[in-house]
Amino acid sequence: LQDVSRCLSPGKNPIRYLLLNEDSIVGVAYANIFLWSHDDKVVISDIDGTITKSNAGGIYDTILTERYSHCHEEVCRFFSTVATEKQIQILYVTSRPISLASRTRKFLDNLRQQQHRLPEGPILGFRGNFA
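Residues numbered from 1 in each chain as written. Predicted model: local features only at pLDDT ≥ 70, side-chain atom pairs only at ≥ 80, totals over all residues. Heavy atoms only, no water.

Trainee: How should the overall build of the protein be read in this particular structure?
Mentor: Looking only at helices and strands, the protein has four helices and seven strands in total. Along the protein, from the amino end to the carboxyl end, the secondary structure elements read α-β-β-β-α-α-β-α-β-β-β. Taking the principal axes of the C-alpha coordinates as reference, the protein spans close to 50 × 40 × 25 Å. Taking the intrachain contacts of the protein between residues at least 6 apart in sequence as the baseline, contacts between residues at least 24 apart amount to 63%. With 15 positive and 14 negative side-chain charges, the protein shows a spacing of 3 Å between the two charge centroids. (Helix = DSSP H or I, 4+ residues; strand = E, 2+ residues; numbered from the N terminus. Contact = heavy atoms within 4.5 Å. Lys, Arg positive; Asp, Glu negative; His and termini not counted. Charge placed at Lys NZ, Arg CZ, Asp CG, Glu CD.)

Here it is as structure tokens:
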């Protein structure tokens with residue numbers, strides 16, 4: 001663990017994966033590694049149906065239209081209060097396929113309600129695709 005703490009700062013650490021072909025970069029995938037303390041408290045929250053009002057409507061609104069209007073009222077205030085006042089980390093989970101990870105991250109980063117936003121946190125998603 002001491003070796004990890006030398007490379008990472010507490011909280012969010014952006015990373016990127018490079019797909020190489022001989023001496024050229026073929027693709028890039030961006031992600032984050034979150035470093036939390038062993039005694040941090042964590043709330044695990046589903047995205048669709050919890051932050052958004054429903055699964056299908058949440059995916060349509062946040063991925064296809066990027067309107068972010070199909071969310072529960074005051075959800076940003078609630079989660080930001082939990083994170084700041086209660087000092088609790090937020091872990092987001094979703095059944096959205098991994099191919100939608102960057103758009104899901106964009107949704108969580110850009111959702112604003114009044115002066116509140118959702119706290120930063122890792123996203124655990126579904127490894128498959130829509131079938």
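Trainee: Teacher, can you tell me more about the environment of Thr52 here?
Mentor: By the secondary structure assignment, Thr52 is in the loop between strand S3 (41-46) and helix H2 (55-64). Its relative accessible area of 0% is what places Thr52 among the buried residues. Sequence separation between Thr52 and Leu124 is 72 residues, and the spatial gap between their C-alpha atoms is 16 Å. When near neighbours in sequence (up to four residues on either side) are disregarded, Thr52 contacts Ile47, Gly58, Thr62, His70, Cys71, His72 and Phe107. Looking at Thr52, its side chain comes within polar contact range of the side chain of Asp48, at 3.3 Å. Looking at Thr52, its side chain comes within polar contact range of the main-chain nitrogen of Gly49, at 3.0 Å. (Buried < 20%, exposed > 50% of the residue type's maximum accessible area, 1.4 Å probe, protein only. Polar contact = N/O pair within 3.5 Å; in protein donor to acceptor, adjacent residues only side chain to side chain.)

Trainee: I'm lost on the layout of surface pockets in this one. Help?
Mentor: Gaps between atoms show up when a probe of the same size as a water molecule is rolled over them. The space that makes up the largest pocket amounts to roughly 360 Å³. Residue lining of the largest pocket: 24 residues in total, with Ala101, Arg105, Pro122, Ile123 and Leu124 positioned closest to the centre. Breaking the lining of the largest pocket down by element, the ones donating at least two residues are strand S2 (24-35), strand S4 (88-97), helix H4 (101-110) and strand S7 (123-126). Take the lining of the largest pocket: its biggest share by element is five residues, from H4. Its residues placed into classes, the lining of the largest pocket shows 14 nonpolar, five polar and five charged. (1 Å grid on protein atoms, 1.4 Å probe; cavity = no way out; pocket = protein on both sides within 12 Å on 5 of 7 lines; lining within 4 Å. Points joined across faces, edges and corners; volume = space filled by probe spheres on them. Nonpolar A, V, L, I, M, F, W, Y, C, P; charged D, E, K, R; others polar.)

Trainee: I keep staring at the sheet that holds S3 and nothing clicks. Help me out?
Mentor: Strands pair in a sheet through their backbones, by hydrogen bonds, and they do so in one of two ways: parallel or antiparallel. Pairing in this open sheet of three strands is parallel, and the strands run S3-S4-S7 from one edge to the other. At either margin of the open sheet sits one strand with a lone partner, and together these are S3 and S7. Across the sheet, the mean angle separating the axes of adjacent strands is 20° when strand polarity is ignored. Two elements, S3 and S4, share six bridges in a ladder whose sense is parallel. In the strand pairing of S4, Lys41 is matched with Ile88. Each of S3 and S4 is contacted by helix H3 (residues 75-85), which is oriented at about 140° to S4, the strand it contacts most. (Pairing = 2+ DSSP bridges. Axes fitted to C-alpha atoms, helices over the stretch in contact; angles between N-to-C directions.)

Trainee: Can you help me understand the pairing of S4 in this one?
Mentor: A regular strand places its side chains so that they alternate between the two faces of the sheet. In terms of burial, S4 is a largely internal element, seven of the 10 residues being buried. Looking at chain direction, S4 and S7 are connected through three bridges and run parallel. Bridge assignment links Pro97 to a residue of S7, and that residue is Phe126.

Trainee: Mind showing me how you'd approach the nonpolar core here?
Mentor: Nonpolar side chains in soluble globular proteins generally cluster together in the buried interior. With 16 residues, the main nonpolar core has Ile51, Tyr92, Phe107, Leu108, Leu111 and Leu118 as its most contacted residues. Elements with a contribution of two residues or more to this core: H3, S4 and H4. The greatest single-element share of this core, amounting to five residues, is contributed by H3. When neighbours within four sequence positions are excluded, Tyr92 is seen to be in contact with Ser45, Ile47, Ile51, Leu108, Leu118, Pro119, Glu120, Gly121, Pro122, Ile123 and Leu124. (Core = buried A, V, L, I, M, F, W, Y, C linked by side-chain atoms within 4.5 Å.)

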